Amino acid sequence: MSSKTLILGFTGLACLAGAGLLRQNSPPPQEPVMAIQQAWRAHQSPLSEALSESETARPAPSSSPLPSASATASATPVPSGSPSASPSPTPSPAPAGSASPTPFPAASTPQELHQKAIVVDTHVETPFLISEKNVRLRSNSGQVSLDKLREGGVDVVFFSIYVNPYKYKDQPRSQAEKIIGLLRKEIDANADLIELATSHADIQRIVAAGKIAGLMGMEGADPIGESLNNIDHFYKLGVRYLGPTWSTHTLMGDSSGPPKPRWNGLSKFGKMAVERMNQLGMLIDVSHLSDAAFKDVLTLSKQPVIASHSAVDGVRNHARNFSDDMLKLLALNGGVTGIVFYGPFLDASGKADLKRVVDHIDHAVKVGGIDHVGLGSDFDGLDLPPPTGLEDARRFPAITAELKARGYSNADVYKILGANFMRVFAQVLKD
Ligand SMILES: [Zn+2]
C-alpha cells in the first residue's frame, strides 16, 4: 500500500511516506556496501557465503546492453527482434542456490512471450477493498479482479494483508484474521479461476492448471505485536511474506516513513523475527523499511528476501525508494525487487507513465543485475491515478512490449515478468 489517503479518519497522519518526504529527511547516513558485505560473509551461512562468492565474482550489470536510466527517456527504442538487441543471447548465470537455469519457451512476438511467461505481481491491495468496501474479487470496477488479472496474463499474485495501524490500533491481529477470512472466502468462491497457494509446488500446480495462484503477504507487523507465536499463527493461516513495517514504525523496526527513527534499524524483536521467518520458510518483505532496518534484514537473513513494491533512487530520489547500494545488497542476498507503480515514488512530478516504470526497471537491472528485478504494482492501494498506460491489471502486456522495444532478450523479459520471483519462491517457500 502506498502511504495512502485511506487512513480513514486520521487524515492528519496520512502521507507519512508519500509525496514530499524526501531522502534528506532520513537521518542515518549511508553505510558503505563493503561493510555490509563483510558482515554478511562473517555470518557463517553456507547460503550467504555461496551467494556472496558467486554474486561478487560476476559483473554487476545486466547481461543486456541497456542504456543508462538517464538516457532511456529520450533513447530511440531498439526494434524488437533486431540482432543488435541481443548480442549475448545466453541468459546470465542463475544465482547460487537455484537449480540449473530453466530453459524458457521460445516466443516470436511480445504477445506470445507475455502469454507464455509466468507473470508475478507481488503486491496488490484488493483485500483492503474487499474488507472495507465489500468489493468482489471476480469482477469489480477497481484495478484488480480475476477478470482483469486473466486479461493481463497475470499468473501469480500476492494479496496484501494490510491492517491500518491507526484505525485498528486496538485489534490489529483480529482485523488481519478477518481480512484473511474474507479473502479466502472470495478465493474459494472462484475456484474455477484461482486457488490459494502456500508453496512453490502449489504455485506450479495451479499455474499449470491454467488458474491464478493467489498468495497472501502481510504488510506491516502490527498484527504480530511482539510475539513470535503470532508469526507462526499467521504462517499457519497461509501468510507467506511479512513486511516488518508499513509507513509507521512497529515493534519490529523502523519504517522509511517517519523522519525520526525509533530503533535505528530493526529492534531486538525484529531481529528474532527475521530468524523465525527464515526457519518457517516465510519471505521477508523489505519494501517499507528504513535504510538501516533494510540493512539489518539483509545482514541477518539467511534466505533471499523480496521487496514486494519498491522503486529506485537512481530515477527518483525518495525516502521510500532504494539507493544503488541497497539494490546491490539485495542482489548479493539473491533477492528480488518488485517495481511499484506509484507515481510519487516513480517521478518527482508525482505522475508517471509506463515508460517511467520501465525506467525504474532499467536502473534496477543496471545496478543489481537482471536476476533481481520483478513487478509489484500496488494496484488497488494507489491513492493517486496509476501510471498512464498501466491503468489496471489488464495492462501488464504493455510492460512486456516496452521491455522488448528497449532491447531486452526474451530470457531477460521472462526473468523480470516472474522467473526471478519464482526462483526465490522455490528457495524459500517450503512445500
Ligand atoms: Zn505499501
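Residues numbered from 1 in each chain as written. Predicted model: local features only at pLDDT ≥ 70, side-chain atom pairs only at ≥ 80, totals over all residues.

Considerations on the overall build of the chain
The cut-off we apply is this: Think of it this way: any DSSP run of H or I at least four residues long counts as a helix, any run of E at least two long counts as a strand, and we number them from the N terminus. Burial in this document is a count-based property: other C-beta atoms within 10 Å of a residue's C-beta are tallied, and the residue is buried at 20 or more, exposed at 12 or fewer, or partly exposed in between, with C-beta positions derived from the backbone. Once C-beta atoms have been placed from the backbone, residue pairs whose C-beta atoms lie within 7 Å are recorded as contacts.
Each helix and strand counted, the chain has 16 helices and nine strands in total. When the 431 residues of the chain are sorted by exposure, 56% land in the buried category. A fraction of 75% describes how many contacts in the chain between residues 6 or more apart in sequence connect residues 24 or more apart.

Topic: the sheet that holds strand β9 (residues 373–375)
For clarity, the threshold we go by: Any two strands with at least two DSSP-identified bridges between them are counted as paired. Axis angles are defined between N-to-C directions and span 0 to 180 degrees, where every axis is a line fitted to C-alpha atoms and, for a helix, only to the segment in contact.
Read from one edge to the other, the open sheet built from three strands follows the order β7-β8-β9, with strand pairing classed as parallel. Here the strands that pair on one side only, and so sit at the sheet edges, are β7 (306–310) and β9. For this sheet the average axis-to-axis angle between neighbouring strands, irrespective of direction, equals 25°. Pairing geometry for strand β8 (residues 336–339) and β9, over three bridges, is parallel. Among the inter-strand pairings, Ile 339 is bridged to a residue of β9, identified as Leu 375. In the packing of helix α14 (residues 354–368) onto the sheet, the strands contacted are β8 and β9, and the crossing angle to β8 comes to about 165°. Sheet strands touched by helix α16 (residues 410–428): β7, β8 and β9. Its angle to β9, the strand with the most contacts, is close to 110°.

With respect to the nonpolar core
Keep this limit in mind: Put simply, a nonpolar core is a cluster of buried Ala, Val, Leu, Ile, Met, Phe, Trp, Tyr and Cys residues tied together by C-beta atoms within 7 Å.
Within the largest apolar cluster, 113 residues are counted, with the highest numbers of intra-cluster contacts made by Leu 242, Ile 284 and Val 297. Top contributing element to this core by residue count: α16, with 11 residues. If sequence neighbours within four positions are ignored, Ile 284 has contacts with Tyr 241, Leu 242, Val 274, Met 277, Val 297, Ser 301 and Val 305.

Topic: the confidence of the model for the chain
A low pLDDT means the predicted coordinates there should not be read in detail. Condition: Per-residue confidence from the prediction method is given by pLDDT, with values spanning 0 to 100.
Per-residue confidence for the chain averages 84 on the pLDDT scale, and 77% of its residues sit at or above 70. Predicted confidence is poor over residues 4–32, with pLDDT under 50, and the contacts of this stretch with residues over four places away or in other chains come to 58 contacts.

Thoughts on the environment of His 363
If you trace the backbone, His 363 turns up in helix α14. On the neighbour-count criterion, His 363 (26 C-beta atoms within 10 Å) is buried.

Some words on helix α7 (residues 172–188)
We apply this condition: Expected span, for any helix, means 1.5 Å times one less than how many residues it has. In this description, the arc belongs to the directions extending from the helix axis to the C-beta atoms.
With 17 residues, α7 ought to run about 24 Å at 1.5 Å a step, and its terminal C-alpha atoms sit 24 Å apart, in line with that. Three or more residues of α7 are buried, namely Pro 172, Gln 175, Ala 176, Ile 179, Ile 180, Leu 183, Glu 186 and Ile 187. Here the buried residues of α7 occupy an arc of 140° about the axis, which is enough to place them on one side. Along α7, exposed side chains directed more than 90 degrees from the buried face belong to Ser 174, Gly 181, Lys 185 and Asp 188. In this structure, the buried side of α7 is in contact with α5 (126–133), β2 (156–162), β3 (194–196), β4 (212–219) and α9 (228–236).

Some words on helix α10 (residues 268–280)
Residues separated by three or four positions in an α-helix point in the same direction, a consequence of the helix having 3.6 residues per turn. Between the first and last C-alpha of α10 there are 19 Å, a value that for 13 residues agrees with the 18 Å anticipated at 1.5 Å per step. Where α10 is concerned, the buried positions are Phe 269, Gly 270, Ala 273, Val 274 and Met 277. Viewed along the axis of α10, the buried residues span an arc of 145°, placing them on a single side of the element. Where α10 is buried, its residues meet α9, β5 (239–243), β6 (283–284) and α11 (291–300).

Some words on the pairing of β8
This is how it is decided: By the criterion used throughout, a crossover qualifies as right-handed when its path from the first strand across the helix to the second strand runs clockwise, the strands pointing away from the viewer.
Burial along β8 is two-sided: the face carrying Val 336 and Gly 338 and the face carrying Thr 337 and Ile 339 are both buried. Bridge count for β7 against β8 is three bridges, and the pairing is parallel. Considered in β8, the bridge of Ile 306 is made with Val 336. Of the crossover connections in this fold, the one passing from β7 over helix α12 (residues 324–333) to the parallel β8 is right-handed.

Regarding the environment of Val 373
With respect to the helices, strands and loops of the structure, Val 373 is situated in strand β9. Sequence-wise, Val 373 and Thr 337 are 36 residues apart; in three dimensions their C-alpha atoms are separated by 5.0 Å. Beyond its immediate stretch of four places on either side in the chain, Val 373 contacts Val 336, Thr 337, Ile 339, Ile 361, Ala 364, Val 365, Gly 368, Ile 416 and Asn 420.

Describing the packing of α9 against α10
To describe two helices that pack against each other, one gives the angle between their axes and the distance between the axes. Quick note on the threshold: Relative orientations are named as follows: roughly parallel for angles under 35 degrees, roughly antiparallel for angles over 145 degrees, roughly perpendicular for angles from 65 to 115 degrees, and oblique for any other angle. With the far helix as reference, a near helix turned anticlockwise by less than a right angle produces a left-handed crossing, and one turned clockwise produces a right-handed crossing. Charged residues are taken to be Asp, Glu, Lys and Arg, nonpolar residues to be Ala, Val, Leu, Ile, Met, Phe, Trp, Tyr, Cys and Pro, and polar residues to be all remaining types, Gly included.
One can describe the packing of α9 onto α10 by two numbers: an axis separation of 10 Å at closest approach and a directional angle of 30°. Between α9 and α10, the interaxial angle falls into the category roughly parallel. Seen along the crossing, α9 lies across α10 with a hand that is right-handed. On the side of α9, the interface is formed by Leu 228, Ile 231, Asp 232 and Tyr 235, while α10 contributes Met 272, Ala 273, Arg 276, Met 277 and Leu 280. A per-class count over the contact of α9 with α10 returns seven nonpolar, no polar and two charged.

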